[in-house]
Amino acid sequence: MVPRIAALTAMAKKKTYRRRSAKSNQNRLKHLISAACVFGGLYVGWQYYQAHFVTPWHAAGDRAGQEAAESFYSRDVQRAAERYDLDYGYLMALLMLECSGKKPAGARFEPHIFKQLQRVRDGKRENYENVTAAHLTDASDDALRNLATSWGPFQLMGYKCILLDVNIRDIRGPNGIKHGANWINQTYGQVMRQGRFRDCFHMHNTGQPYPRTGLPRTHDPQYVPRGLSMMKQFAPSTAHATN
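Note that the coordinates shown come from a computational prediction; the quantities given were computed from them, not determined experimentally.

The rules behind each value
Residues numbered from 1 in each chain as written. Predicted model: local features only at pLDDT ≥ 70, side-chain atom pairs only at ≥ 80, totals over all residues. Heavy atoms only, no water. Axes fitted to C-alpha atoms, helices over the stretch in contact; angles between N-to-C directions. Helix = DSSP H or I, 4+ residues; strand = E, 2+ residues; numbered from the N terminus. Parallel < 35°, antiparallel > 145°, perpendicular 65-115°, else oblique. Left-handed = near helix turned anticlockwise from the far one by under 90°. Contact = heavy atoms within 4.5 Å. Nonpolar A, V, L, I, M, F, W, Y, C, P; charged D, E, K, R; others polar. 1 Å grid on protein atoms, 1.4 Å probe; cavity = no way out; pocket = protein on both sides within 12 Å on 5 of 7 lines; lining within 4 Å. Points joined across faces, edges and corners; volume = space filled by probe spheres on them. Expected span 1.5 Å × (residues − 1). Bend = angle between axes of the 7 residues up to and from the residue. Buried < 20%, exposed > 50% of the residue type's maximum accessible area, 1.4 Å probe, protein only. Phe/Tyr/Trp six-rings, centres within 6.5 Å; stacked < 30°, edge-to-face > 60°. Salt bridge = Lys/Arg side-chain N within 4 Å of Asp/Glu carboxyl O.

### Quick word on the packing of helix α3 (residues 66-84) against helix α9 (residues 176-193)
Their axes nearest at 10 Å, the elements α3 and α9 cross at an angle of 50 degrees. As summarised for this structure, α3 and α9 are arranged oblique, according to the angle between their axes. Crossing of α3 against α9: the hand is right-handed. Contacts from Tyr 73, Asp 76, Val 77, Ala 80, Arg 83 and Tyr 84 of α3 reach α9 at Ile 177, Lys 178, Ala 181, Asn 182, Asn 185 and Arg 193. Taken together, the residues of the contact of α3 with α9 break down into six nonpolar, two polar and four charged.

Below, the structure is given as structure tokens:
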């Protein structure tokens, strides 16, 4: 009798332990889900903040570079803005984003674009944007490297010279502002004249209008809000249109 009672007691303890263990596991799962929701919410909130507000350290840097940018580029930008009916404040803000207002502007090689241009040249891809195999006949890897590098104050990719019917040395030379403004006019100038500056900044960086989700696809989430903010500091009178 005693052994049977002991066995029943042990079974009861095991059941109690299992219930407590199951409840403990459920609580842990709830805490884990709650923590994931909190951190997920914080991450999304931070992404939205960066997409719509300029951080203090970025704002300070942008203000610091304004004088040099105006000294180096203001006259040429004003001339190009008048020639192509583009917004002066936008162009100045754009070159601040792309080259920090420095002169010379520097260059940036894009390996992924280089690989795509190789595929077009080698017949493995029909085209890359407006570039076809006919444009790359006998092009060496060094030539493709130049086409896959961004040049000038607006950091135009080298292959953009094909649309402009100019040489790479033209877009990276002293007429870089003029050729860059010409490319902007041809690709999204009409969008700018509609006052859609947020779309313009996003199109320059990604080739696409600003997403409806409210989260940009730019390499830097601060790219668009910084651009919009700098438009005001360069030319308050022209930054009047809708974002």
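Back to the text.
### Some points on the layout of surface pockets
Remark: the empty space left among the atoms is shown by a probe the size of a water molecule rolled over them. Put simply, the largest pocket is a space of about 620 Å³. The wall of the largest pocket is formed by 25 residues, among which Met 157, Lys 160, His 204, Asn 205 and Thr 206 lie closest to the centre. Elements with a contribution of two residues or more to the lining of the largest pocket: α5 (111-121), β5 (156-157), α9 and α10 (197-206). The dominant element in the lining of the largest pocket, judged by the number of residues it contributes, is α10, at four residues. Here the lining of the largest pocket is built from residues that sort into 10 nonpolar, 10 polar and five charged. Taken as a whole, the second largest pocket spans an internal volume of roughly 220 Å³.

### Regarding α9
Helix length check: α9 (18 residues) gives 22 Å between terminal C-alpha atoms against 26 Å at 1.5 Å per residue, more than 12% under. Most pronounced at Thr 187, the bend in α9 amounts to some 70 degrees. Within α9 the residues assigned to the buried category are Gly 176, Ile 177, His 179, Gly 180, Ala 181, Asn 182, Trp 183, Ile 184, Tyr 188, Gly 189, Val 191 and Met 192. Looking at the buried side of α9, the elements it contacts are α3, α4 (88-99), β5, α7 (161-164), α8 (168-171) and α10. One or two steps after α9, the chain reaches Gly 195, where phi turns positive at roughly 80 degrees.

### Describing the packing of aromatic side chains
Here a ring pair, both rings aromatic, is described through the centre-centre distance and the interplanar angle of the planes. For the structure on display, the rule yields seven aromatic pairs. With centroids separated by 6.2 Å and ring planes inclined at 80 degrees, the aromatic side chains of Tyr 90 and Tyr 188 adopt a geometry described as edge-to-face. Of this pair, Tyr 90 sits in helix α4 while Tyr 188 sits in helix α9, and the two are 98 residues apart along the sequence. Since its relative accessible area comes to 2%, Tyr 188 is described here as buried. Taking 6.2 Å as the distance between ring centres and 85 degrees as the angle between the ring planes, the aromatic pair formed by Trp 183 and Tyr 188 counts as edge-to-face. This pair shows no difference in class: Trp 183 is buried, exactly as Tyr 188 is.

### Structural notes on the pattern of salt bridges
For the structure on display, the rule yields nine salt bridges. Between Asp 122 and Arg 121 there is a salt bridge whose closest N-O contact spans 3.0 Å. Its relative accessible area of 24% is what places Arg 121 among the partly exposed residues. When salt bridges that share partners are traced, they join Asp 62, Asp 220 and Arg 226 into one network.

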